[in-house]
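Structural characterization, general
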Amino acid sequence: MSLYDDAVLVLKGYEEQEELRQYYLDHLAAHPEDGMWKACTDGHVTASALVIDPERGRVLLTLHKKLRMWLQMGGHCEPGDASLAAAALREATEESGVPGLTLVPGGPVRLDRHPIPGPCTQHLDVQYAASAPRDAVEAISDESLDLRWFAYDEVAGVADESVVRLVEATRARL
């Protein structure tokens, strides 16, 4: 199964955010060749994962180098990604430096459509959550200025509403 086919199946199975979910599906239908890739200037699907430590009630956020915002780990799909879930897990592992992350069961936690600087106009982010192992030690990647654990109730003070909503949805899933 192609990454495109997986994305369509994942989105068809996602039962929340109906209007936004349909927007993603319509976008993919209009862009069957490039809707998953950075080259699609009308926007493209991305995959991310909020790294969580449920035992300690905290999340790991990255201070994104280009955007200079505290965000969950994530980014562009790559040709070697077998699925959206695999892309999200790869991105989370690469950007956090934490081996042994496991996706929280149940598929995507949220969808988030956000504008980005050109030439592409938007990211259609499919957001997962990933549990960190008990002994997780993070390591800053080239894409980050910083990595930091934040208690659930600290996130609203450092991150934008999209990250706050992702934390809330993840906590509800747990």
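Look up: the structure comes first, before these words.
These lines cover the structure that appears in this document, whether it is placed above or below. Note that the coordinates shown come from a computational prediction; the quantities given were computed from them, not determined experimentally. (Residues numbered from 1 in each chain as written. Predicted model: local features only at pLDDT ≥ 70, side-chain atom pairs only at ≥ 80, totals over all residues. Heavy atoms only, no water.)

1. Some details on the environment of lysine 38
Using the following cut-off: A run of H or I in DSSP counts as a helix once it spans at least four residues, and a run of E counts as a strand once it spans at least two, with each numbered from the N terminus. Each residue is placed in one exposure class: buried if its accessible area under a 1.4 Å probe, protein chains only, is under 20% of its type's maximum, exposed if it is over 50%, and partly exposed if it falls in between. Contacts between residues were defined by any pair of non-hydrogen atoms, one from each residue, lying within 4.5 Å.
Along the polypeptide, lysine 38 turns up in the loop between α2 (18-30) and β1 (44-53). Judged by relative accessible area, which is 55%, lysine 38 ranks as exposed. Between the C-alpha atoms of lysine 38 and proline 99, which are 61 residues apart in sequence, the distance is 26 Å. If we ignore the near neighbours within four places in the chain, the residues touching lysine 38 are His44 and His76.

2. Re the state of the cysteines
Each disulfide consists of one covalent bond between the sulfur atoms belonging to two cysteines. Stated formally: Any cysteine sulfur atom paired with another within 2.5 Å is treated as part of a disulfide.
For the structure shown, the criterion picks out zero disulfides. No disulfide involves cysteine 77; its sulfur sits 12 Å from the nearest other cysteine sulfur, which is in cysteine 40. The buried category is assigned to cysteine 77, whose relative accessible area is 6%. Between cysteine 120, a free cysteine, and cysteine 40, which holds the nearest cysteine sulfur, the sulfur-to-sulfur gap is 6.7 Å.

3. Side note on the pattern of salt bridges
The criterion, for reference: For this analysis, a salt bridge means a side-chain nitrogen from Lys or Arg found within 4 Å of a carboxyl oxygen belonging to Asp or Glu.
Summed over all chains, the structure comprises 10 salt bridges. Two residues, arginine 21 and glutamate 18, come together in a salt bridge whose shortest N-O distance is 2.9 Å. Of this pair, arginine 21 and glutamate 18 both sit in helix α2, three residues apart, which is roughly one turn of that helix. Residue class for arginine 21 comes out buried when judged on its relative accessible area of 11%. As a salt-bridge pair, arginine 56 and aspartate 53 come within 3.6 Å of each other at their nearest N and O atoms. Overlapping salt bridges bring together Glu78, Asp81, Arg90, Glu91 and Glu94 as one network.

Structural measurements only, silent on function.
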